[in-house]
Amino acid sequence: MSKTIRRAVIPAAGLGSRLLPLTKATPKEMLPVGDKPVIEHTVRELVASGITDITIVVSGGKGLIQEHFRPNPALVSQLREEGKTVYADAVEEVGELSRRGHITYLHQQGPYGNGTPVLNAARNFGDEPILVLWPDDVFVAQVPRAQQLIRAYEATSCPVLAVMPMAADDSQRYGVPVVKEDFGDGLLRVTGLMEKPKPQDAPSAYAAIGGYVVTPGIIDELREETKRWYEHRTSEIYLTDAINAYATAHAVYGQVIQGKWYDTGNPLAYLTAQFAAALADPEYGPHLRKLADELDGPTTPA
């Protein structure tokens, strides 16, 4: 099996139910965080980490994603003719991401669950390891999260999941890895995941967050999981279930990610990501901080 990771999958077929009605007509992946739709942050992270083949798995109503990344020479030309060079460069650069990441699109088919898009895409990848990143996460890090995961895979040749430290009270929000050994530099040997345990039952102080290196053995487990679904038609197909099954007899690792993680999958998390991105903007941040101070100040009696 290759030790070089060239391919990545972004599952983008979800309905965005927790953000309705905002996502009724606009895919959740296209909601802005800063001056970019959230999925663009993920694509940029992958391209910056050396990924040269990105498959975005979509469902009906996701055409805006393709439109966003599709090169638009006519618009670029018009903008340049009008002297709007900065805008032309920005539009052209987004289209260039599609070429650099060799973005292709695949329509999701099969049972519900986040493991199905991974299995759909993996049919084209042979025995290569792949990265799987969710399109509603934004990471701010000196070294991209994807690159941190790639380095962990290069050191172990095994599946890797991204983890971060968590407060004990947050355990019921995440999958919590069962950590067998700590090798230093954030590399952990993991023997399974416990889904949303109570704080007293949590097997570690880490949360499994968006980001995986998936190997052919995990794909085989997804196939078995899907086969059982068609026999019994129960539950959904989850990537974490496949990782759990694989980890009973094979090595799996966790990599503690250095950086700041913003999840945009629910209203509060989305607003938090937006707020943080706005405050970090060098042009707009100072104005928004001033506004926040003014709004937080004493009110004037009517």
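Here, the structure is the one placed above.
Residues numbered from 1 in each chain as written. Predicted model: local features only at pLDDT ≥ 70, side-chain atom pairs only at ≥ 80, totals over all residues. Heavy atoms only, no water.

Chemist: Residue-level account of the packing of aromatic side chains, with values.
Modeler: Tallying each qualifying case throughout the model produces 5 aromatic pairs. Every member of this aromatic cluster is reached through a ring pair, and the members are F139, Y174 and W261. (Phe/Tyr/Trp six-rings, centres within 6.5 Å; stacked < 30°, edge-to-face > 60°.)

Chemist: Give me the packing of helix α7 (residues 216-232) against helix α8 (residues 239-247): which residues, what numbers.
Modeler: With their axes 8 Å apart at the nearest point, α7 and α8 run at an angle of 115° to one another. Here α8 runs roughly perpendicular to α7, going by the angle between their axes. Crossing hand, α7 versus α8: right-handed. Each of G217, I218, E221, L222 and E225 in α7 lies in contact with α8, whose residues at this interface are L239, D241, A242, I243, A245 and Y246. When the residues that make up the contact of α7 with α8 are grouped by side-chain class, the tally is 7 nonpolar, 1 polar and 3 charged. (Axes fitted to C-alpha atoms, helices over the stretch in contact; angles between N-to-C directions. Helix = DSSP H or I, 4+ residues; strand = E, 2+ residues; numbered from the N terminus. Parallel < 35°, antiparallel > 145°, perpendicular 65-115°, else oblique. Left-handed = near helix turned anticlockwise from the far one by under 90°. Contact = heavy atoms within 4.5 Å. Nonpolar A, V, L, I, M, F, W, Y, C, P; charged D, E, K, R; others polar.)

Chemist: So what's going on with the nonpolar core? Which residues, and what values?
Modeler: Core analysis: the largest hydrophobic core is formed by 40 residues, its most contacted members being L46, I54, I56 and L131. Those elements giving two or more residues to this core turn out to be β1 (7-12), α1 (38-48), β4 (53-58), α2 (63-69), α4 (85-100), α6 (145-156), β8 (160-165) and β11 (206-214). When sequence neighbours within four positions are dropped, the list of residues in contact with I56 reads I10, A12, I39, I65, I103, T104, Y105 and L106. Counting residues in each nonpolar core, the second largest holds 30 residues, with L119, F125, A208 and I243 among its members. (Core = buried A, V, L, I, M, F, W, Y, C linked by side-chain atoms within 4.5 Å. Buried < 20%, exposed > 50% of the residue type's maximum accessible area, 1.4 Å probe, protein only.)

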